[in-house]
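# Analysis of the macromolecular model
Residue-level listing of the chains:
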Amino acid sequence: QTRPLRINHLAARSFGTKGIPVAEVSASIVVRGMSDSTRRKVAWWLGGCSAWVFSMVVLGGVTRLTRSGLSMTDWKFTGERPPLSEEDWVAEFSKYKASPEYKRVNRSMNLDEFKFIYWMEYAHRMWGRFLGVAFGVPFVYFLARRQLSPSLTKRLSLLLCLGGGQGLV
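Residues numbered from 1 in each chain as written. Predicted model: local features only at pLDDT ≥ 70, side-chain atom pairs only at ≥ 80, totals over all residues. Heavy atoms only, no water.

Moving on to helix 5 (residues 111-144). An ideal rise of 1.5 Å per residue puts 50 Å on 34 residues; helix 5 measures up with 48 Å between its terminal C-alpha atoms. Capping the start of helix 5, Asn-110 holds a side-chain oxygen 3.1 Å from the backbone nitrogen of Asp-112, two or three residues further along. In the segment just after helix 5, Arg-146 is the residue with positive phi, at about 55°. (Helix = DSSP H or I, 4+ residues; strand = E, 2+ residues; numbered from the N terminus. Expected span 1.5 Å × (residues − 1). Polar contact = N/O pair within 3.5 Å; in protein donor to acceptor, adjacent residues only side chain to side chain.)

Structure (structure tokens):
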């Protein structure tokens with residue numbers, strides 16, 4: 001038997017027609033039919049993903065502040081192996097030198113400075129990919145086991161599409 005999710009508000013002012021706080025009604029619709037155990041697992045999973053998104057925003061901000069955002073000239077959807085040898089780095093830096101970003105902003109940049117901004121952007125992109133896996137795999141697991149309510153499934157499907165779309169851009 002599932003219990004309704006209780007949301008305690010010290011100053012809850014908005015009540016539904018039966019005197020139940022609207023937030024409580026909305027939350028109970030989202031988790032209707034889910035066991036307490038599943039709700040706890042989903043809460044930990046979504047809480048972890050939320051913290052991960054926050055870390056993505058911070059890493060993205062650092063990437064932007066260091067002007068690292070356009071250092072990777074050839075990012076493929078299937079992934080990109082970072083330069084590993086000195087020849088690879090020189091080749092990648094040569095491609096970057098042909099970019100408008102280099103010509104307008106970083107004309108005096110040397111190879112070591114390029115390596116720093118490249119790794120910043122690479123880390124940001126890979127962190128985003130891992131976030132997609134950390135969200136997508138449990139989502140598919142919960143879906144396959146039919147442990148998510150229809151309402152929550154719709155909301156999480158939308159989040160997956162939005163996150164996936166962001167990853168494509």
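A surface patch of nonpolar side chains, about 280 Å² in accessible area, is lined by Phe-54, Val-58 and Val-62. The residue Phe-54 is located in helix 2 (residues 36-65) in this model. A residue is classified by how much of its surface remains accessible, and Phe-54, at 58% relative accessible area, is exposed. (Patch = residues over 30% accessible without salt bridge, like charges linked within 9 Å, V, L, I, M, F, W, Y side chains within 5 Å. Areas by Shrake-Rupley, 256 points an atom, 1.4 Å probe, with all protein chains shown as cover. Salt bridge = Lys/Arg side-chain N within 4 Å of Asp/Glu carboxyl O. Buried < 20%, exposed > 50% of the residue type's maximum accessible area, 1.4 Å probe, protein only.)

What follows is about the packing of helix 2 against helix 5. Relative orientation of the contacting elements helix 2 and helix 5 amounts to 165°, with a least axis distance of 10 Å. Put simply, helix 2 runs roughly antiparallel to helix 5. Crossing hand, helix 2 versus helix 5: left-handed. (Axes fitted to C-alpha atoms, helices over the stretch in contact; angles between N-to-C directions. Parallel < 35°, antiparallel > 145°, perpendicular 65-115°, else oblique. Left-handed = near helix turned anticlockwise from the far one by under 90°.)

Attention now moves to the packing of aromatic side chains. In total, this model carries 16 aromatic pairs according to the counting rule given. Pairwise contacts between aromatic rings join Trp-89, Phe-93, Tyr-96, Tyr-102, Phe-114, Tyr-118, Trp-119 and Tyr-122 into one cluster. (Phe/Tyr/Trp six-rings, centres within 6.5 Å; stacked < 30°, edge-to-face > 60°.)

It is worth spelling out the pattern of salt bridges at this point. For the structure on display, the rule yields 5 salt bridges. Taking the shortest distance from any N to any O, the salt bridge between Glu-86 and Lys-115 comes out at 3.5 Å. Of the two residues, Glu-86 sits in helix 3 (residues 86-97) while Lys-115 sits in helix 5, which places them 29 residues apart along the sequence. Taking the relative accessible area as the measure of exposure, Glu-86 reaches 47% and is therefore partly exposed. A salt bridge links Glu-92 to Lys-95; its shortest N-O distance comes to 3.5 Å. Of this pair, Glu-92 and Lys-95 both sit in helix 3, separated by 3 residues, roughly a single helical turn.

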